[in-house]
Amino acid sequence: MGSLAFYGCEGLLQAEIPGSLRELASSVFGDCVSLKRIVLHEGLEAVSIYAFSNCRSLSELELPRGLASVGYGSFQGCAGLTRLTIPKDTRLEFDGRTVPHQTTPFADSVSLTDIQVDGENPYYEAQDGGLYEKRLRQSDFLVWDGGEGGDSRLCVKACGGSL
């Protein structure tokens, strides 16, 4: 399935990605504003950049086992996304070329408040509404912050300060 294959398909309500597909190309489902449900099966290894960006009707996302990487901006602007489940061994990619809140896979997913991480994931853990990178002290590096006043943008904090 190539880049932009379903881009802007406003009538698409759900998508099921078979385990035989190893990688989702960039922007493959971008701007599918009515997409409510995505089923990603085990066997998928990578979600490329902006694959599901601006799918604002999407509310829950369970990443499949074996998914190695989620590209930056993959779920950017998924304003209806409230729940995220991250399996063992999945890594999130950041793009340091842009401003911090736009560098993460879930940037501007303003409703994201429930994050679950497999206890065996060596990279991240969820705690107090945030997603933390394990290799650094929790107070020093925050991958996702539930925010204050309903602002749930993904952001990066380093050494106790905001970028």
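The shown structure was predicted, so the numbers you read here are calculated from the model rather than taken from an experiment.

By definition, a disulfide links two cysteine residues through a covalent bond between their sulfur atoms. Inspection of the entire model under this criterion finds zero disulfides. Distance from the sulfur of C32, which forms no disulfide, to the nearest cysteine sulfur (C55) is 5.2 Å. With a relative accessible area of 0%, C32 lands in the buried category. Free of any disulfide, C78 has its nearest cysteine sulfur in C55, 5.2 Å distant.

Grouped together as the largest cluster of nonpolar side chains are 33 residues, with contacts concentrated most on L24, F29, L35, L40, F52 and F75. Contributions of two or more residues to this core are made by β1 (14–17), β3 (37–40), β7 (83–86) and β9 (114–117). Contact partners of L40, with chain neighbours within four places excluded, come to I17, L24, F52, L61, L63 and P64.

With that out of the way, let us pick up the sheet that holds strand β5 (residues 60–62). Each strand in a sheet pairs with another by means of backbone hydrogen bonds, the pair being arranged parallel or else antiparallel. Reading across the sheet, the three strands line up as β5-β7-β9 and stay open at both edges, with parallel pairing between neighbours. Only two strands of the sheet have a single neighbouring strand rather than two, namely β5 and β9. Recorded for the sheet is a direction-independent mean angle of 5 degrees between the axes of neighbouring strands. Taken together, the three bridges between β5 and β7 define a ladder with parallel strand orientation. Within β7, the position partnered with E62 by the bridge is T85.

The backbone of S27 shows a phi angle near 60 degrees, a positive value even though the residue is not glycine. Considering the arrangement of structural elements, one finds S27 in the loop between β2 (23–24) and β3. Judged by relative accessible area, which is 15%, S27 ranks as buried. One non-glycine residue with positive phi stands out, namely N54, at about 65 degrees.

Before going further, it helps to spend a moment on the pattern of salt bridges. Taken as a whole, this structure holds three salt bridges when the rule is applied. Its salt-bridge partner being D114, residue R83 comes within 2.6 Å of it at the nearest N-O pair. Taken together, the positions of R83 in strand β7 and D114 in strand β9 put the pair 31 residues apart, joining distant regions of the chain. Since its relative accessible area comes to 30%, R83 is described here as partly exposed.

Rules and cut-offs
- Residues numbered from 1 in each chain as written.
- Predicted model: local features only at pLDDT ≥ 70, side-chain atom pairs only at ≥ 80, totals over all residues.
- Heavy atoms only, no water.
- Disulfide = S-S within 2.5 Å.
- Buried < 20%, exposed > 50% of the residue type's maximum accessible area, 1.4 Å probe, protein only.
- Core = buried A, V, L, I, M, F, W, Y, C linked by side-chain atoms within 4.5 Å.
- Helix = DSSP H or I, 4+ residues; strand = E, 2+ residues; numbered from the N terminus.
- Contact = heavy atoms within 4.5 Å.
- Pairing = 2+ DSSP bridges.
- Axes fitted to C-alpha atoms, helices over the stretch in contact; angles between N-to-C directions.
- Salt bridge = Lys/Arg side-chain N within 4 Å of Asp/Glu carboxyl O.

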